[in-house]
Amino acid sequence: MRIRSFLLNMSSARQPESAQEVNGAGPKEVDNSPESESGEERRLRRKLDLRLMPVVVFVAIMNSIDQISITFARLKGLQSDLHLTDVQYDTVLAVSYALYFPALVPSNMFVHHTTRPSIYIGCCVILWGIISTLTGLTKNYATMVTCRVLLGLPEAAIYPGCLYLLSSWYTRKELGLRTALLITGGLMAITFGSLWAAAVLGTMEGKLHLAAWRWLFFMEGIVTVVVGFLSIWILPDYPRNTRWLNAEERSLAQLRVAKDVGEADMESTGANIFEGLRMVIKDMKAYLVMIMSFSVSLSTSFAVFFPTLTATLGYSTTVTLLIAAPPWVLSAIVGIANAWHSDRTGERFFHFVVYWWISTIGFVISLSTMEIVARYLSQYLMALSFSGSMLLIPWVVSAIPRPPGKRSVTIALMNGFTNLGLFAGSYVWKASWSPQYHPSLLICLFSLFSGTVFAFIIRIMQIREKKHVEHQEVDDLGLDERDRIERAAELQGITFDDAFRRRRQLRNI
């Protein structure tokens, strides 16, 4: 009733002029450019940027720090204090995936199904912080393994849940930059985490008769718990029910995402929590997305061993660590600029594929020579693959925008197969293959090529689907599609026929 009364106030007779005020475009043309935005839309987006983005970026930073903290703790005696063998230590690193992978899809299905994702994500962050804190109290191999296994359960909600929340609020031409900022936060956490670890491990040894590595987990866990409580209060829920927006802002938020793809962001009537999973299982494009994500992720496994690769240049440890950082700084800067340009132009595919091609050149150079300058240059080129891959999720969200249940499952599976690729990549860089690492580089090169091929196939399918929509008639619509278009028409204050024509005119991103 709130939405209906708000729209009636703006368009008592659903005249074309009033429709233009609500939608920023006449009923016979679609203009999703930033210039068509009303002042109210810009103010709403700024409010989202100030509340939603800082929280998800900081959560991503803490998530990345958590993943690498145990490697820093090892430097200060974790392995010796807990009497872990090398095999046991490797097991400790791997067991966090035991619950993480199985929990990804159910978790994101619940994020979509619940009306209060801010509470769910916030509680998962709190639980994750508590378990991380308890890691500092572990006494042996068994207790450490227990903590690491349990840690994977709440972590499964963090990254895919935040990505799904972003896709529920931002339009396709806004999502690229926001996703790039989220991923860049995770990348920059590697540097920030190193500084944090250096400060804690260097100053807290013996405090309260505790080892410094225990303090590292205590401090990280406490900060994470605080962030979790703040998340519950700061994060939005969905455009239809966020408490810190008034009725007009909630209506406008729903209108923005409905206008963006020509359909309301809503599930079909009577759909249960498993509907999105069922639709993904029946969609061949979703399988290609998963294979592509695994292949591209496997090709970027060199990132985990980047200092080892840089050490093959022959410099001291200090110099090696210093010169290993600039390629990632460049990758982050280029990635943000590339995402911004992609949003502005409304093009995704070539904005990431071109950087994969550049990375391919880097792999070829590394395979061809051990000359210092050329090999170091190749590392810059290889790192640029991350600049393009930041746009993968926004591109997939554009390819599978509706219904939201299907989108949530796709994001979770994409995130899962990305992590699975990184996990497989940990076995690619064998010490016996150093210093050339030719087999490792060949595996990465082939994986990146495979990922590019699958991306081209998905693009062809996307183009065909768009042509199908352009020639689609009202009688060809399914009941669920009709419901979403009717809801979009209601939000925009226009007729169903006008909303249907707009949907056909929308371009792919």
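Up top is the structure these notes are about.
Q: Residues and numbers for the packing of helix α3 (residues 39-75) against helix α10 (residues 212-234), please.
A: Put simply, α3 and α10 touch, their axes get as near as 10 Å, and they point 160° apart. As the angle between them shows, α3 and α10 are arranged roughly antiparallel. Here the hand of the crossing between α3 and α10 comes out left-handed. On α10, the residues touching R51, V55, F58, V59, M62, I65, D66, S69, I70, F72 and A73 of α3 are W213, L216, F217, E220, V223, T224, V227, S231, W233 and I234. Broken down by class, the residue content of the contact of α3 with α10 amounts to 15 nonpolar, three polar and three charged.

Q: Go over the packing of α3 against helix α7 (residues 117-135) with me, naming the residues and quoting the values.
A: For the pair α3 and α7, interaxial distance at closest approach is 12 Å and the crossing angle is 30°. The orientation of α3 relative to α7 falls into the category roughly parallel. Remark: the crossing between α3 and α7 carries left-handed chirality. Contact residues: V59, M62, N63 and D66 in α3; V125, W128 and S132 in α7.

Q: Any details on the pattern of salt bridges? Residues and values, ideally.
A: Within the structure shown, the criterion is met by 11 salt bridges. A salt bridge links R45 to E174; the shortest N-O distance between them is 3.3 Å. Separated by 129 residues along the polypeptide, R45 in helix α3 and E174 in helix α9 (residues 172-203) bring together distant segments of the chain. Residue R45 is classed as buried on the basis of its relative accessible area, which comes to 18%. With its nearest N and O atoms 2.8 Å apart, the salt bridge here joins E174 to R256. With E174 in helix α9 and R256 in helix α11 (residues 247-261), this pair connects stretches of sequence that are 82 residues apart. Owing to a relative accessible area of 7%, E174 belongs among the buried residues under this scheme. The class of R256 is buried, set by a relative accessible area of 2%.

About the thresholds
- Residues numbered from 1 in each chain as written.
- Predicted model: local features only at pLDDT ≥ 70, side-chain atom pairs only at ≥ 80, totals over all residues.
- Heavy atoms only, no water.
- Axes fitted to C-alpha atoms, helices over the stretch in contact; angles between N-to-C directions.
- Helix = DSSP H or I, 4+ residues; strand = E, 2+ residues; numbered from the N terminus.
- Parallel < 35°, antiparallel > 145°, perpendicular 65-115°, else oblique.
- Left-handed = near helix turned anticlockwise from the far one by under 90°.
- Contact = heavy atoms within 4.5 Å.
- Nonpolar A, V, L, I, M, F, W, Y, C, P; charged D, E, K, R; others polar.
- Salt bridge = Lys/Arg side-chain N within 4 Å of Asp/Glu carboxyl O.
- Buried < 20%, exposed > 50% of the residue type's maximum accessible area, 1.4 Å probe, protein only.

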